[in-house]
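Residues per chain, in single letters:
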Amino acid sequence: MKVTTALVGALLGCSQASAAVFEFHGSARGLDDDRPIYQEHHAVSGTCESGVFVPEQHQVDYLRASDDTPFASKQLTYRQSVQLPAVDFHQPEFNERLEISYPEANTLDITWQKPSSETAMFELRFGSKLVVDAGFDQFVRANWAAVTSGQSVEFDFLAPTRGDYYGFVLEPGPKNRVDADIVVQIRPTSLMLRVLVDPIVLGYNRQGALTHYLGLTNIRKNADANHTAAINYRVIRYPECELTD
């Protein structure tokens, strides 16, 4: 039986993933004084698989309004899973660098060069519930049906500078805090941690793109504390496929 070139191409096209790019920018303001703090420029490259975007590389540049040169940067690589990116975060103003890697299955290494120039190193074993850094955004999308129906989902969240992870829950959030189509929050499940750690409030649009973030950031205010900010995001470019199933 003769198969035409066009048919072969169509069949191959059904099984192959196509390259895609997702870009969005964020504007961070102080939660207390509403002053502009910095801008975030995100560029995520990946593939469209079965009509859904799968990230592979994620570049974040942090800029101040008065300068086009980034004052900090972060690179994420999604090789393990979309919830477990490898991370390389660099904040030169404070001589700080944080690296997260996965030397073997269910094991991660953390190397943190502190603003004091001391270096802390940790090795952790973890299970299937762990979420790392910007993997929380992918975790929300992976649980989109639960999120949009008001259900709660428990997970473990990495606290890299503490060299450990803690139990958290993703649940419906306070709609009076942000003007978004869908509002969720992540908070610790431990009563002791709830006293110490405020929930992070997140807003999403119906396409599954992050539109708001309220909470502690990874950008330093000084050598001892990070900024707590309200970040509004806008999509610059959607991938040529859906962000969620």
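Quick note: structure is the one above.
What counts, and where the lines are drawn
- Chains are numbered independently. Their residues run from 1 in the order of the written sequence.
- It should be noted that, the model being predicted, local features are given only for residues of pLDDT at least 70 and side-chain atom pairs only at 80 or more, the latter also being counted only at that level, while totals for whole chains, interfaces and linings use all residues.
- Each side-chain value is derived from all of the structure's non-hydrogen atoms; neither hydrogens nor water enter the calculation.
- By definition, any uninterrupted DSSP run of H or I lasting at least four residues is a helix, any uninterrupted run of E lasting at least two residues is a strand, and each is numbered from the N terminus.
- Only C-alpha atoms enter the radius of gyration, while the globule expectation follows 2.2 Å times N to the 0.38, with N the number of residues.
- The buried label applies to any residue whose accessible area, calculated with a 1.4 Å probe on protein chains only, is under 20% of its type's maximum; exposed applies above 50%, and partly exposed to all values in between.
- Contacts are assigned to residue pairs that have any heavy atoms within 4.5 Å of one another.
- In this text, buried Ala, Val, Leu, Ile, Met, Phe, Trp, Tyr and Cys residues form a nonpolar core when linked through side-chain atoms within 4.5 Å.

**Some thoughts on the overall build of the protein**
For the protein, the count of helices and strands is four helices and 15 strands. Its C-alpha atoms give the protein a radius of gyration of 19 Å, near enough to 18 Å, the size a compact globule of 245 residues would have. With respect to the principal axes defined by its C-alpha atoms, the protein has extents near 70 × 40 × 40 Å. Within the protein, the fraction of its 245 residues that count as buried is 45%. Counting contacts in the protein only where the partners sit at least 6 residues apart, residues at least 24 apart contribute 40% of the total.

**Side note on the nonpolar core**
Residues L108, V132, L202 and Y204 are the most contacted members of the largest nonpolar core, which totals 58 residues. Filtering out sequence-adjacent residues up to four positions away, V132 remains in contact with Q83, L84, P85, V87, I100, Y102, L108 and L158. Counting residues in each nonpolar core, the second largest holds five residues, with V178, A180, V183 and V201 among its members.

**Digging into the environment of A65**
Residue placement: A65 occurs in the loop between β3 (52-63) and β4 (72-77). Sequence-wise, A65 and Q39 are 26 residues apart; in three dimensions their C-alpha atoms are separated by 7.1 Å.

**Concerning the side chain of H227**
Tracing the backbone shows H227 in strand β15 (residues 226-237). You can call H227 buried: its relative accessible area is 17%. Contact partners of H227, with chain neighbours within four places excluded, come to I37, G215, L216, T217, I219, R220 and K221.

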